[in-house]
Amino acid sequence: MSIDGQSVNGPEAPAASRAASSAHAVRRAVVVGGNRIPFARTGGAYTKSSNQDMLTAALDGLIARFGLQDERIGEVAAGAVLKHSRDFNLTREAVLGSALSAETPAYDLQQACATGLETVLGLANKIKLGQIDSAIAGGVDSASDAPIAVSEGLREVLLDLSRAKTLPQRLQILARLRPKDLAPDAPNTGEPRTGLSMGEHQALTTAQWKITREAQDELAYNSHRNLAAAYDAGFFDDLLTPYRGLTRDSNLRADTSLDKLASLKPVFGRNLGSQATMTAGNSTPLTDGASTVLLASEEWADQHDLPKLATILDGVAAAVDFVHGKDGLLMAPAFAVPRLLARNGLTLDDIDYFEIHEAFAGTVLSTLAAWEDEEFGRTRLGLEGAFGKVDRSRLNVNGSSLAAGHPFAATGGRIVASLAKMLHEKGAPDGRPALGLISICAAGGQGVVALLEAQ
Amino acid sequence: MTDTYTRMVSKGLGRDVAKKLGLPQPALLRRHEPGQPLVNGPLLVVGSSAGADALAADLLAWDLDVRRHAVPREKLGGIVLVLDDLEKPGDLEEPVLRAAPSLRDLAPNGRVLTVSRVPDGGTPAAAAARQGVDGLLRSLAKELRAGATGNGILLADGVSATAPGALGALGFFLSARSAFVDGQFVRVGSSDGRLPDDVDTPLAGKVAVVTGAARGIGAAIARTLHRDGATVVAVDIPAAGDHLAEVANDVRGTALQLDISREDAGARIIDHAVGRHGRLDIVVHNAGITRDKLLVNMDHTRWSSVIDVNIAAQLRINDVLLASEHFRSSPRIVSVASTSGIAGNRGQTNYAASKGGVMGMVRATAPLLARHGGSINAVAPGFIETEMTARIPFATREIARRLNSLQQGGRPQDVAEAIAFLASDAAGGISGEVLRVCGQNMVGA
């Protein structure tokens, strides 16, 4: 037990075998498959596509792949981080525009970059409890078609105007307008409580954990190389449907090199001087895209002659106090993963594939460094020593966000579908089903992690 | 889909002007819609053989208005000339000339059919008479107007005029499904096959795989097979996945993003069809590419990619199908060939070689499928109005489109109808054949 409440073992869950965890007291929720559209760099192929367009396209591709036309799915949940106010019912509208039965209910969910993974976990829980038999989880984001709000001053004037009854009243209200009120209010990734952008936050964490520029560039290089190889091997043939002329993620640079990455100038943490290591090459770009995952009970999958790739075993959400600088903004998974593994009686060595979302190369490497750190293990995780070491040959083996891009809410679905396929192909190498771990950091100092098992 | 010129000259002032100037007057062709009558009026069955009588009786049983003698000035939906007992060329005259005056009474989009025997058997005199039907029918088809077509059924020795394959072909040729098939013969080689329980859904219960299904002719094939009752697996390369998903959702089937030139394509097609839909009955090899270049300028990539996708991939997939226990219940393979492979086309040596290859493959594979009651055939489209042909320069396109007996281009649906027929149980007795869907193109027989 640790002194600050971030302990691995919650009061409700002593380290026990997985068989004793809640995930097995109920029926299984399996990943049938997934579909996403290629991710596009902002201002590229999807500039004119709305969140609803992209989510509908991703849904229709999933429906075509699994023959779900006119099917009444138990529930569809998806979300977007950057959302227009008109999209209050985004997911339901996308369902109505798709080939699914119009009797399929849907809801929107929003948990920053963890949105996609949280839709998977929430729906999987409903399936496990028997509330629904099938579900589609998803997420979408467009930084190109981002909502732009009017300034707070103009908004107040407009609302007051709508309530005014007489012309003099209206003129009086209009007179309150100042030129600065006319400037639009574009969304940004800054943290409201610190004023720092996500990149600047990570730059602090990266420096704190002494992550080198070379290590970050190498991680970015591997991401591109692994993703390109996966495309060439046809890995995405049944995970992706082209959209608007794109057949691959437009951020992917199959021909990038360590030299090229080394030549880029730092863009975050420039005030750190020589410790400034984060470039456009080892940070994810703003991206547009959508992803979906088909989940089901085993019975439903069997009845529909559909594959069962992997089981959603368990998930944990965590948060850190980044506001007071106790932990880095994106470090919540460093706490969530130890809790998740402990309550399932597992260690890092038991995991066959690690999918650690590459918000920044520095995020992944800081997390790994924290886990390898004795001090962090003892004082923050309440362990005897370091939490453990991730076998790098099992990390993001088919590329991750640095190469694919990161349309915030769509990343969870991308990772779940890919990992489920990898686990299914791996099967049960030593007589026990292969295990996969997903870790996604999110704005607000949050993180959601999940454990999947090969079917 | 009907070209502007055809629309312009099919009525009113345009029609009168075109007639005065002697310009081509393509007709608006009648196309199949579920529930419509088989033919546009009574059917005149000419011929005095036992086969003619049996055929007339079967057609009566289809609730058709069958005449054995022409009623003067009565508009006819079709004329069936049963010539299955010809002994010598002189035998042609009586039935042919008896039917001749009735050609005047043929309704627009009417049908003329001959039913005769394959010319490769019998005495020299019988062979001459049988082969004579070929020249007769092809010439007659060129004389027909107003969307009327002429086609022939060739019966192998020992196959009766009322064999399922013969009746199936008769139904296809009489119907609007054969709108753009003109001047063609189909051989019925055996008495295999079975007529459908419901003529509107002849493919009910079948699972069909269509390659190259994302657009054009492939998409039309998927839609037509679905309309006829089949569950469709739509296959195309991953890069065409968006259009493929649209087609798959339209036909309530599944999309399989797969490059058919991959080594494991056959296995993946079988796995998907059997895994998701429980069986595999029909495979339509439609996927194909063109990489046109005069032979003098041809390079390795252009040549080999066309050969690999258009014929080598089909051969590889067929090998897997033939070896599979899942493709044993009256299986059907239909390949898309091309009139380029028959008549040749400047700039298409590679493409024509691949499509010629398809026809050779079909002929040689037929005996291999026969042991499981299966069949394999090819359909050779002529000028079809697609996105691809829309890119041909205007003058060339206009000439290509008018140079056939129907003086217009066909539609993707026309090719699809022929494929749906050959994929049906009724076509069981037809195998190793190439059926042209070209409006009797003047080029290349």
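Since this is a predicted model, take the numbers as computed values, not measurements.

Counting its secondary structure elements, chain A contains 14 helices and twelve strands. Relative to the compact-globule value of 23 Å for 455 residues, chain A shows a C-alpha radius of gyration of 22 Å, a close match. If one aligns the C-alpha atoms of chain A with their principal axes, the spans along those axes are about 80 × 60 × 50 Å. Out of the 455 residues in chain A, the part that is buried amounts to 56%. Nonlocal contacts in chain A, meaning residues at least 24 apart in sequence, comprise 81% of its contacts between residues at least 6 apart.

A few words now on the overall build of chain B. What chain B contains, in helices and strands, is 14 helices and 13 strands. Principal-axis analysis of the C-alpha atoms gives chain B an extent of 60 × 50 × 45 Å. Burial status across chain B gives 54% buried among its 445 residues.

This part covers the interface of chain B and chain A. Every contact between the two is made by 17 residues of chain B and, on the other side, 16 residues of chain A. For the side of chain B that touches chain A, the secondary structure elements donating two or more residues are helix H8 (241–250), strand E9 (254–257) and helix H9 (265–277) of chain B. Top contributing element to the side of chain B that touches chain A by residue count: H8 of chain B, with six residues.

The next thing to look at is the packing of helix H3 (residues 115–128) of chain A against helix H14 (residues 411–426) of chain A. Residue and element names in this part refer to chain A. Where H3 meets H14, the axes come as close as 5 Å, and the angle between the chain directions of the two elements is 55 degrees. Taken together, the axis directions place H3 and H14 in an arrangement best described as oblique. Contact with H3, carried on its side by Thr 115, Gly 116, Leu 117 and Val 120, involves Thr 411, Gly 412, Gly 413 and Val 416 of H14 and no other residues of that element. Of the residues that constitute the contact of H3 with H14, the class distribution is three nonpolar, five polar and no charged.

Residue and element names in this part refer to chain A. Between its first and last C-alpha atoms helix H1 (residues 51–66) spans 23 Å; for 16 residues at 1.5 Å apiece the expected length is 22 Å, and the two agree. For H1, the buried fraction is high: 16 of the 16 residues fall into the buried class. Gly 67 sits one or two residues past H1 and shows a positive phi near 60 degrees.

Positive phi is not limited to glycine here, since Asn 396 of chain A has a value of about 45 degrees. Considering the arrangement of structural elements, one finds Asn 396 of chain A in the loop between helix H12 (374–379) and helix H13 (401–404).

Our next topic: the sheet that holds strand E1 (residues 43–46) of chain B. In a beta sheet, neighbouring strands are held together by backbone hydrogen bonds and run either parallel or antiparallel to one another. All names here are of chain B. The strand order across the open sheet built from six strands is E2-E1-E3-E4-E5-E6, with neighbouring strands paired in parallel fashion. The open sheet has two edge strands, strand E2 (66–67) and strand E6 (185–188), and neither has a second partner. Bridging between strand E5 (residues 149–155) and E6 involves four bridges; their strand directions are parallel. What sits directly across from Ile 153, in E6, is Val 186. Running over the sheet, helix H3 (residues 50–61) touches E1, E2, strand E3 (76–83) and strand E4 (106–117) and is turned about 160 degrees from E1.

Inspection of the secondary structure puts Val 434 of chain B in strand E13 (residues 434–437). Through-space distance from the C-alpha of Val 434 of chain B to that of Val 334 of chain B is 9.6 Å; in sequence the pair is 100 residues apart.

Residue and element names in this part refer to chain B. The strand order E9-E8-E7-E10-E11-E12-E13 describes an open sheet built from seven strands, whose pairing is parallel. Strand pairing shows two members of the sheet lacking a second neighbour, E9 and E13, which therefore form its edges. Mean inter-strand twist for the sheet, computed between neighbouring axes without regard to direction, equals 20 degrees. Note that strand E10 (residues 282–285) and strand E11 (residues 332–336) share four bridges and pair parallel. Within the sheet, the bridge partner assigned to Ile 282 lies in E11 and is Arg 332. Here helix H12 (residues 349–370) sits on the sheet and contacts E11, strand E12 (375–381) and E13; the angle it forms with E12, its principal contact strand, is near 160 degrees.

Residues and elements named next belong to chain B. Because side chains alternate across E13, one face comprises the buried residues Val 434 and Arg 436, and the other comprises Leu 435 and Val 437, equally buried. The sheet contact formed by E12 and E13 spans four bridges and is parallel. Bridge pairing in E13 places Ala 380 opposite Arg 436.

Take the nonpolar core next. Ranked by size, the top nonpolar core spans 270 residues in total, and within it Leu 295 of chain A together with Ala 234 and Val 379 of chain B carry the most contacts. With nine residues, the top contributor of residues to this core is H1 of chain A. Excluding residues that lie within four positions of it along the chain, Val 379 of chain B makes contacts with Val 334, Val 336, Ala 337, Val 415, Ala 418, Ile 419, Leu 422, Leu 435 and Val 437 of chain B.

On average, residues of chain B carry a pLDDT of 91, and 98% of them reach 70 or more. In the predicted assembly, ipTM is 0.86 and pTM is 0.89.

A word on the pairing of E6 of chain B. On a regular strand, one side chain projects to one face of the sheet and the next to the other, so that they alternate. Alternating positions in E6 of chain B separate into two faces, Phe 185 and Arg 187 of chain B on one and Val 186 and Val 188 of chain B on the other, with burial throughout. In terms of handedness, the path from E5 of chain B via helix H6 (residues 164–174) of chain B over to E6 of chain B forms a crossover that is left-handed.

This paragraph deals with the confidence of the model for chain A. It should be kept in mind that the predicted coordinates are not to be read in detail where pLDDT is low. For chain A, per-residue confidence averages 91 on the pLDDT scale, and residues scoring 70 or more make up 94% of the total. Confidence drops under pLDDT 50 across residues 10–24 of chain A; counting only partners more than four residues distant or on other chains, this segment forms 19 contacts.

So, about the packing of helix H7 (residues 213–232) of chain A against helix H11 (residues 361–372) of chain A. All names here are of chain A. In the contact formed by H7 and H11, the axes pass within 9 Å of each other and the chain directions differ by 110 degrees. Taken together, the axes of H7 and H11 are roughly perpendicular relative to one another. You can see that H7 and H11 cross each other, and the crossing is right-handed. In this structure, H7 uses Ala 215, Gln 216, Leu 219 and Ala 220 to contact H11, whose residues at the interface are Ala 361, Gly 362, Val 364 and Leu 365. Class assignment for the residues of the contact of H7 with H11 results in six nonpolar, two polar and no charged.

Next up on the list: the environment of Asp 425 of chain B. Residues and elements named next belong to chain B. Within the fold, Asp 425 resides in the loop between helix H14 (412–422) and E13. Considered as a pair, Asp 425 and Leu 203 are 222 residues apart in the sequence and their alpha carbons are 7.7 Å apart. Dropping the residues within four chain positions of it, Asp 425 is found in contact with Gly 193, Arg 194, Pro 196, Pro 202 and Ser 330.

Calculation criteria
Residues numbered from 1 in each chain as written. Chains lettered and ligands numbered in written order. Predicted model: local features only at pLDDT ≥ 70, side-chain atom pairs only at ≥ 80, totals over all residues. Helix = DSSP H or I, 4+ residues; strand = E, 2+ residues; numbered from the N terminus. Rg over C-alpha atoms; globule rule 2.2 N^0.38 Å. Buried ≥ 20, exposed ≤ 12 C-beta atoms within 10 Å, placed from the backbone. Contact = placed C-beta atoms within 7 Å. Axes fitted to C-alpha atoms, helices over the stretch in contact; angles between N-to-C directions. Parallel < 35°, antiparallel > 145°, perpendicular 65-115°, else oblique. Nonpolar A, V, L, I, M, F, W, Y, C, P; charged D, E, K, R; others polar. Expected span 1.5 Å × (residues − 1). Pairing = 2+ DSSP bridges. Core = buried A, V, L, I, M, F, W, Y, C linked by C-beta atoms within 7 Å. pLDDT = per-residue confidence, 0-100. Right-handed = clockwise from strand over helix to strand, strands pointing away. Left-handed = near helix turned anticlockwise from the far one by under 90°.

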